[in-house]
Amino acid sequence: MNGRVLVVDDDAAIRRSLERGLRLNGFSVVLADSGRAALDAVRDGSPDVVVLDVSMPGLSGIDVCRTLRGSDNEVPVLMLSALDEVCDRVAGLQAGGDDYLIKPFALQELVLRLGALLRRRPPAADDRMRVGPLVLEPAAREAHIDGEPLKLTRREFELLEVLARNAGIVLTRDQLLDLVWGYDFEVRTDAVDTFVSYLRRKLEAGGRPRMLHTVRGVGFVLREPRDALP
């Protein structure tokens, strides 16, 4: 799962479309049809990121963002608007928005921007992940397997963290490029294979069983040894 997204838009068709598209891309999605409902959803559900329409009747997206920041809520906010004026974009960002996307937009661009926003979040101190004998502590940027520390480069750790957060889920090379290298980073897909091979050597050192698997024609998946495919 890529994260919990709150989608706020007064247009029901847009809400349905975004919900379907984001779920297909691995996100958990919560919907709100107004600014007031958005504030209630943030209070009750603690989303990881908010997709917020600027122009809504009543409490606008800018009002919602300003209210969140005024209450010291730093949830990442990506603002949506049909208004392609610099002053509107500036107003949204000055209210505390983290990114801005003009309608109409491609779903894949939204997905990539959300991934970038989620990567900017500092990990919580207790954000520990365990996949079989592998333990990752993102806040400390430490990884251990069978109690032994893994010496990883920054990029190796980022790749392993993404795989661990999606343990059991096959991720394509393009998805890994987006999630690890960033949507605006131009890099060849064979970079993924190179770093996967680096990780494999370190994870399997000393004869440990394979955890990081290639799914031919699709991508890569991290599994607990007992769940590994032959």
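See the structure above.
The structure displayed is predicted, hence computed values, not measured ones.

Student: Is there a simple way to explain the packing of helix 2 (residues 35-45) against helix 3 (residues 61-70) in this structure?
Tutor: In a packed pair of helices, the relevant descriptors are the angle between the two axes and the axis-to-axis distance. As a packed pair, helix 2 and helix 3 sit with axes 9 Å apart at the nearest point and diverge in direction by 30 degrees. When the axes of helix 2 and helix 3 are compared, the pair comes out roughly parallel. Considering the relative orientation of helix 2 and helix 3, their crossing is right-handed. Two secondary-structure elements touch here, helix 2 through Gly-35, Ala-38, Leu-39 and Val-42 and helix 3 through Val-64, Thr-67 and Leu-68. Its residues assigned to classes, the contact of helix 2 with helix 3 shows 5 nonpolar, 2 polar and no charged.

Student: Any chance you could explain the sheet that holds strand 4 (residues 77-81) here in plain terms?
Tutor: Paired through their backbone hydrogen bonds, the strands of a sheet run either parallel or antiparallel. The strand order 2-1-3-4-5 describes an open sheet built from 5 strands, whose pairing is parallel. In the strand order of this sheet, the two ends are held by strand 2 (27-32) and strand 5 (99-102), each with one partner. The sheet shows a mean angle of 20 degrees between the axes of neighbouring strands, taken without regard to direction. Pairing analysis gives 6 bridges linking strand 1 (residues 3-8) to strand 2, with the strands arranged parallel.

Student: Explanation requested: helix 1 (residues 12-24) in the structure shown.
Tutor: Each α-helix turn comprises 3.6 residues. Residues three or four places apart therefore point the same way. For helix 1, spanning 13 residues, the distance from its first C-alpha to its last is 18 Å, which sits close to the expected 18 Å at 1.5 Å a residue. Along helix 1, the residues classified as buried are Arg-15, Leu-18, Gly-21 and Leu-22. Summarising the axial view, the buried residues of helix 1 lie within an arc of 145 degrees, below the 170-degree limit, and thus occupy one face. Exposed residues pointing more than 90 degrees away from the buried face of helix 1 are listed as Arg-20 and Leu-24. The N-capping residue of helix 1, defined by a side-chain oxygen 2.9 Å from the backbone nitrogen of Ala-13, is Asp-11. Gly-26 sits one or two residues past helix 1 and shows a positive phi near 90 degrees.

Student: Sorry if this is basic, but what is going on with the nonpolar core here?
Tutor: If you look at soluble globular proteins, the nonpolar side chains tend to sit buried side by side. One finds Leu-134 and Leu-222 to be the most contacted residues of the largest nonpolar core, which totals 29 residues. Secondary structure elements with two or more residues in this core: strand 6 (129-131), strand 7 (134-137), strand 8 (142-145), helix 6 (154-165), helix 7 (173-181), helix 8 (190-203) and strand 12 (219-222). Leu-222 has contacts with Val-131, Leu-134, Leu-160, Leu-163, Ala-164, Ala-167, Gly-168, Leu-203, Met-211 and Leu-212, leaving out every residue within four places of it along the chain. If you look at the next biggest cluster of nonpolar residues, it comprises 20 residues, including Leu-39, Ala-41, Val-54 and Tyr-100.

Student: I tried to follow the pattern of salt bridges on my own but got confused; where do I start?
Tutor: When the charged atoms of two side chains with opposite charge come close together, those side chains can pair. Summed over all chains, the structure comprises 18 salt bridges. The salt bridge involving Arg-43 is made with Asp-44; its shortest N-O contact spans 3.3 Å. The exposed category is assigned to Asp-44, whose relative accessible area is 59%. We note a salt bridge from Asp-193 to Arg-173, for which the minimum N-O separation is 2.9 Å. On the criterion of sequence distance, the pair formed by Asp-193 in helix 8 and Arg-173 in helix 7 is long-range, its members being 20 residues apart. Residue Asp-193 is classed as partly exposed on the basis of its relative accessible area of 30%. Of the residues examined, Arg-173 reaches a relative accessible area of 24% and is grouped as partly exposed. Salt bridges sharing partners connect three or more residues here, namely Arg-141, Arg-154, Arg-155 and Glu-158.

Calculation notes
- Residues numbered from 1 in each chain as written.
- Predicted model: local features only at pLDDT ≥ 70, side-chain atom pairs only at ≥ 80, totals over all residues.
- Heavy atoms only, no water.
- Axes fitted to C-alpha atoms, helices over the stretch in contact; angles between N-to-C directions.
- Helix = DSSP H or I, 4+ residues; strand = E, 2+ residues; numbered from the N terminus.
- Parallel < 35°, antiparallel > 145°, perpendicular 65-115°, else oblique.
- Left-handed = near helix turned anticlockwise from the far one by under 90°.
- Contact = heavy atoms within 4.5 Å.
- Nonpolar A, V, L, I, M, F, W, Y, C, P; charged D, E, K, R; others polar.
- Pairing = 2+ DSSP bridges.
- Expected span 1.5 Å × (residues − 1).
- Buried < 20%, exposed > 50% of the residue type's maximum accessible area, 1.4 Å probe, protein only.
- Arc of directions from axis to C-beta.
- Polar contact = N/O pair within 3.5 Å; in protein donor to acceptor, adjacent residues only side chain to side chain.
- Core = buried A, V, L, I, M, F, W, Y, C linked by side-chain atoms within 4.5 Å.
- Salt bridge = Lys/Arg side-chain N within 4 Å of Asp/Glu carboxyl O.

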